[in-house]
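# Working through the structure, step by step
The residues making up each chain are set out below.
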Number of protein chains: 2
Amino acid sequence: MLTSSDDQLWVVIMAGGSGTRFWPLSRRHRPKQVLPLVGGTSLLRATLERVLPLAGAERTWVVTAAAMAEEVRGQVPEIPADNLLVEPEGRDTAACVGWAAWRLAERAPEAVMALLPADHLVEDGEALRQGLRLAARAARQERGLVTLGVRPRRPESGFGYLQLGEEVTLAGGGAVRRVVRFVEKPSVAVAEAMLAEGGYLWNAGIFVWTVDAIVDAIRTHLPELAGRLDEMTQAARHRGEVSALAAFYPRLPKVSIDYGVMERAASVWAVPVEFAWSDVGSWEGLAEAVGGADGVRLGDVLGINSDGAVLVSDGPFVAALGVPGVVVVATGDAVLVIPRAASQRVKEIVEELRHRGRHELL
Amino acid sequence: MLTSSDDQLWVVIMAGGSGTRFWPLSRRHRPKQVLPLVGGTSLLRATLERVLPLAGAERTWVVTAAAMAEEVRGQVPEIPADNLLVEPEGRDTAACVGWAAWRLAERAPEAVMALLPADHLVEDGEALRQGLRLAARAARQERGLVTLGVRPRRPESGFGYLQLGEEVTLAGGGAVRRVVRFVEKPSVAVAEAMLAEGGYLWNAGIFVWTVDAIVDAIRTHLPELAGRLDEMTQAARHRGEVSALAAFYPRLPKVSIDYGVMERAASVWAVPVEFAWSDVGSWEGLAEAVGGADGVRLGDVLGINSDGAVLVSDGPFVAALGVPGVVVVATGDAVLVIPRAASQRVKEIVEELRHRGRHELL
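Residues numbered from 1 in each chain as written. Chains lettered and ligands numbered in written order. Predicted model: local features only at pLDDT ≥ 70, side-chain atom pairs only at ≥ 80, totals over all residues.

Each side of the interface is counted separately: chain B has 27 residues, and chain A has 28 residues. For the side of chain B that touches chain A, the secondary structure elements donating two or more residues are β13 (301-304), β15 (317-321), β16 (326-330), β17 (334-339) and α11 (346-355) of chain B. Top element by residues in the side of chain B that touches chain A is β17(B). It accounts for 6 residues. Looking at the side of chain B that touches chain A residue by residue, the classes come out as 21 nonpolar, 2 polar and 4 charged. Note that strand β15 (residues 317-321) of chain A and β17(B) share 4 bridges and pair parallel. Across the sheet, the residue bridging to A:Ala320 is B:Val337, located in β17(B). (Contact = placed C-beta atoms within 7 Å. Helix = DSSP H or I, 4+ residues; strand = E, 2+ residues; numbered from the N terminus. Nonpolar A, V, L, I, M, F, W, Y, C, P; charged D, E, K, R; others polar. Pairing = 2+ DSSP bridges.)

Turning our attention to the pairing of strand β16 (residues 326-330) of chain A. On a regular strand, each side chain points to the face opposite its neighbour's, so the side chains alternate between the two faces of the sheet. All names here are of chain A. Counting buried residues in β16 gives 5 out of 5 residues, a clear majority hidden from the surface. The two faces of β16 match: Val326, Val328 and Ala330 on one face and Val327 and Val329 on the other face are all buried. With 5 bridges connecting them, β16 and strand β17 (residues 334-339) associate as antiparallel partners. Across the sheet, residue valine 327 finds its bridge partner in β17, namely isoleucine 338. (Buried ≥ 20, exposed ≤ 12 C-beta atoms within 10 Å, placed from the backbone.)

A few words now on the relation of the copies chain B and chain A. Between the two copies, chain B and chain A, the superposition gives an RMSD of 0.0 Å; the rotation angle is 180° and the shift along the axis is 0.0 Å. Taken together, the rotation and translation relating the two chain copies correspond to the operation of a two-fold axis. Distance from the rotation axis, computed per C-alpha, reaches its smallest value in chain B at B:Gly332: 3.5 Å. (Least-squares fit on C-alpha atoms with pLDDT ≥ 70 in both.)

The next thing to look at is helix α1 (residues 43-55) of chain B. Residues and elements named next belong to chain B. Between the first and last C-alpha of α1 there are 18 Å, a value that for 13 residues agrees with the 18 Å anticipated at 1.5 Å per step. Residues of α1 that are buried: Leu43, Leu44, Thr47, Leu48, Arg50, Val51, Leu54 and Ala55. Of the surrounding elements, those touching the buried residues of α1 are β1 (9-14), β2 (60-65), α2 (69-75), β4 (112-117), β5 (121-122) and α4 (125-142). (Expected span 1.5 Å × (residues − 1).)

All names here are of chain A. Structurally, chain A comprises domain 1 (9-147 + 202-267) and domain 2 (283-361). The C-alpha-based centres of domain 1 and domain 2 are spaced at 30 Å. When its residues are assigned to classes, the side of domain 1 that touches domain 2 shows 7 nonpolar, 1 polar and 1 charged. (Domains from an automatic or database assignment.)

So, on to the packing of α1(B) against α4(B). Residues and elements named next belong to chain B. At their nearest, the axes of α1 and α4 sit 9 Å apart, and the two run at 45° to each other. Taken together, the axes of α1 and α4 lie oblique to each other. Where α1 crosses over α4, the handedness of that crossing is right-handed. Side by side, α1 and α4 meet where Arg50, Pro53 and Leu54 of the first sit next to Gly125, Leu128, Arg129 and Leu132 of the second. (Axes fitted to C-alpha atoms, helices over the stretch in contact; angles between N-to-C directions. Parallel < 35°, antiparallel > 145°, perpendicular 65-115°, else oblique. Left-handed = near helix turned anticlockwise from the far one by under 90°.)

Bringing the environment of A:Pro250 into the picture now. Residue and element names in this part refer to chain A. By the element assignment, proline 250 lies in the loop between α8 (241-248) and α9 (257-262). On a C-alpha basis, the gap between proline 250 and alanine 95 in space is 9.8 Å, while along the polypeptide they are 155 residues apart. Contacts of proline 250, omitting those with residues within four sequence positions, involve Pro88 and Glu89.

Below, the structure is given as structure tokens:
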């Protein structure tokens, strides 16, 4: 049993996401999670501060990619240097989770590992910690994979959903629900039907499991990844982690933990939580999460007759007049103008810049 | 009679307009007329090149204001230093015309003076020069005030109109029409009625008169201005022009030449011309004058699904997606986003910046 001091709970924050969707503010070396998007602080910093009361700096790891490691390191000064895991390159989330799990198996084989994305918005830190504590107990009791499920507030088509099955009461109090199906980003109509039917939660991508359980699950469902992680761990013992990473990490199979493991695993459980949550997946997502009727105003900006506009600058002064619902983002070297509803399409611009060889803007 | 060599025709280019309407590209020290808005060249430079074949550099004067004199001087290197007339401050067009006329009366009392705004777009230079030559003959013959009138191409509500009366044939060939009424910027309905009725031209603000005629007209209709110009001229003889200007110019009454003189004068004549003309009064005006279906693209910009958008940058890269008909103008320190149809309202932004004391952005 996990003690009340959570002394076997370790937290792994995934901070390796790339910077496409918040271009031009986000860049290769300065991705979304390090940007001061909400209340003057970064999503990464806010994530860390929410979990420090739970695991402390010594038991908190941050995984990131080499391109953005410097920015990330600067934002998490309290965690030990050895707790920053730097991927030579991003290999999707299963590789990231696998590396952390194999590494944790060496250091604390009895640990419960909580995995959190660095770039999500959670408004109630205490509710999150309560959810994680309950999930940790469930992970011990059921030896399964546990995910936090957020009560849906609207028929959002941009999120994934969990369909709930049987309820199991935990020994220490509280209950979890079996996850019987994952529903990837549905149409609005399907989302509305799920909300009407009930028994669905948003998949927040916040996972809790014992080290044993996730290692076993990866061995079962992603044997190739498991084999290479074994080799990498072996190599690290002999010639050090940096060298082993350089040799093995870029060859790890690229697959998401959701698709590669969660959707295939037999024992998956959900802890229903109530806090306001958003994956802040686009400028529109940011506006929905934190914008009022005015929209969003960050930096030296002026909006006239522009209700709902997202006006952001970390460089030039921005003046918008008569453009409600438009996103304007300005930096010293690039400006984006796009309707909120189309803000996912910023990827097309980034793609075009890559195509044109404008690497200085990526 | 003016000879065929135009050797008594002097040209005065008014280049003192302030930089509000093309903000943020235009500024106090860098107004619209010096910006490379069309074909990589400035409207001032294009204006000068159109009239040089007519009057030569020696008989071409450029009037500007102190705040923008340096920029203007850099764009007209071929005219003699003494031909750049620098107003200590702008006092509207009647003062500008009066100063030039009083000064020309000292140097070439027999001159015919052609007055052109520096910030208009004229596509056919030879047609303009033909119009000016005919206007010069008319100015001699009728001793009146002559204006070039552009055949209207659409019921434009942003321009002034001239209502035409009797036709008078000139001794050397050609004819002019008496102007019986000025119509200030009309409603679209009124403009449509005028086009249907016929007998109206756009007032291009390009005027031709003998020095005698304009001095007389100012004495008659703006006696206070005339009196102060007499004093200023007297002072210039005794203590030099710079000192006289500093003392007298800021006290000249502020009134436009159109309202103060043209609309009140008895003998006003129009030379109908056919060339494409625009006063380029706003970003929308620029787009109408030179933009295709795509809109306007100037500088390092990318438009996707943004037909008719005006995308301009002299600084950061600008990417616009899904915003047809929107104006985006970016400089190193400021960005404007406004619908084309509202682009006259950029004044509100400039006013707000002044109100907030953001003088570095003006």
